[in-house]
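# Remarks on the overall topology
Chain residues, written in single-letter form:
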Amino acid sequence: MKRKLAVLLVCFSTMSCIACGSDSANRKEEPDKNESGNAVSNESVEPDEPDDIFLNESGYSVVNNSFGDVYVYWGATVSNPNANVAASFPVITVTAKGEDGAIISTNDQTLFYIAPEDTVSYGGFIDCNGTAPANVEITSTCSSFVPDGSDDVVKTSDFVISNTSEIAGDFGETTYTGEIENIGNNNTDLVAVTLILKNNGEIVYGDTTFVDSLTPGTKKAFEISEYDLPKHTEYIISAQSW
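Residues numbered from 1 in each chain as written. Predicted model: local features only at pLDDT ≥ 70, side-chain atom pairs only at ≥ 80, totals over all residues. Heavy atoms only, no water.

## What to know about the sheet that holds strand β4 (residues 91–97)
Across the sheet, which stays open at both edges, the three strands sit in the order β5-β4-β8 with antiparallel pairing between neighbours. Here the strands that pair on one side only, and so sit at the sheet edges, are β5 (103–110) and β8 (135–141). Neighbouring strand axes in the sheet, compared pairwise and without regard to direction, differ in orientation by 15° on average. As paired elements, β4 and β8 share seven bridges and run antiparallel to each other. Paired with T95 across the two strands is E137, which belongs to β8. (Pairing = 2+ DSSP bridges. Helix = DSSP H or I, 4+ residues; strand = E, 2+ residues; numbered from the N terminus. Axes fitted to C-alpha atoms, helices over the stretch in contact; angles between N-to-C directions.)

What follows is the structure in C-alpha cells.
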C-alpha cells in the first residue's frame, strides 16, 4: 500500500512539472497598452531633418573701375522651406573662376536668420584681384536650425519699405533712397537693407546697406549710392533683421 502511494505521488509531481513547462513555452508577450487599451510602441520616433534652404535666384555683374580694380557685384534670393524651424546663420557662397576653372576669388556671406517659410534677399561684392572672371558660381547652404518662436528670429514682413527713388547723379553714380518702418513687435539693433537690380527679370546686381536701432513703430530714411551700374529695367529694395 505504501509503495502504491509513493508511485502515485511521483506521477503527480511529474505531471505538475510538465504542465508548468508547457504553459511557459506557449505564453505570448503582451504589448504595452495605454489607458484606452491601444497597443503602444516602445520604439522612439526620430524627428524629421529640416530641409536645406533654397536658392531661388541669383545673378551678378563684373565692374571694372578706372584704377584697374575688378569687382563682382552679386545678388541672391534665398528661402527657408521649413514650417516649424528658422534657418540659423545661413551662408551664401560666391566664387569667381577663370577660363581654366581656376578660382580667382571666393567669399562666404553669412546671414542672420531666415524665419520659417520666409524669403530674404542679399547683395554684395567680391574683389577679383584685378582679373575679370569667366563665370561666377553662387550657392547657399545652412547647417543649423532653431525652433519657430525663438528670440531674434524676425520675419521680413515686419519691415515695410516705402517712398523709394532712383536718382541719377552727374558723375556716374546712382543713388537709391527710401524709408524703412518696423511694424513688428521686435526691437532690432540692426537691419540690412538690400538693393537688387534686374534686367528683364534676371538679377544683374546687388548691394546692401544697414540701418540701426529700428524699434517697433519706428521709421527711418536710408540711402544707397552705387557707381557704374549695369543696364537694368527694375530695382527691388528689401530688408531683414541683422
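Structure's up, so let's keep going.
## Digging into the pairing of strand β13 (residues 202–214)
Bridging between strand β12 (residues 188–199) and β13 involves 11 bridges; their strand directions are antiparallel. Across the sheet, residue V193 finds its bridge partner in β13, namely T209. Hairpin connection from β12 to β13: two residues lie between these consecutive antiparallel strands, with N200 at a positive phi of about 55°.

## Notes on the nonpolar core
Of all hydrophobic cores here, the largest spans 20 residues; its most connected members are W74, I92, V94, I126, C128 and I138. Those elements giving two or more residues to this core turn out to be β2 (70–79), β4, β7 (119–127) and β8. By residue number, the principal contributor to this core is β2, which donates five residues. With 18 residues, the next largest nonpolar core counts V154, I180, V204 and I224 among its residues. (Core = buried A, V, L, I, M, F, W, Y, C linked by side-chain atoms within 4.5 Å. Buried < 20%, exposed > 50% of the residue type's maximum accessible area, 1.4 Å probe, protein only.)

## Some remarks on the sheet that holds strand β1 (residues 54–64)
The sheet built from three strands is open, its strands ordered β1-β2-β7 with antiparallel pairing. Sheet topology places β1 and β7 at the edges, where each strand pairs with a single neighbour. Strand-to-strand twist of the sheet, defined as the mean angle between neighbouring strand axes without regard to direction, takes the value 15°. Bridge count for β1 against β2 is 10 bridges, and the pairing is antiparallel. Among the inter-strand pairings, Y60 is bridged to a residue of β2, identified as W74.

## Observations concerning the layout of surface pockets
Considering only enclosed or pocket space, the largest pocket measures out at about 180 Å³ in volume. Looking at the largest pocket, the residues that line it are V63, N65, S66, F67, Y71, Y73, Y205, S225, E226, Y227 and D228. Where the lining of the largest pocket is concerned, the elements lending two or more residues are β2 and β14 (219–227). In terms of residue count, β14 provides more of the lining of the largest pocket than any other element does, three residues in total. By residue class, the composition of the lining of the largest pocket is six nonpolar, three polar and two charged. (1 Å grid on protein atoms, 1.4 Å probe; cavity = no way out; pocket = protein on both sides within 12 Å on 5 of 7 lines; lining within 4 Å. Points joined across faces, edges and corners; volume = space filled by probe spheres on them. Nonpolar A, V, L, I, M, F, W, Y, C, P; charged D, E, K, R; others polar.)

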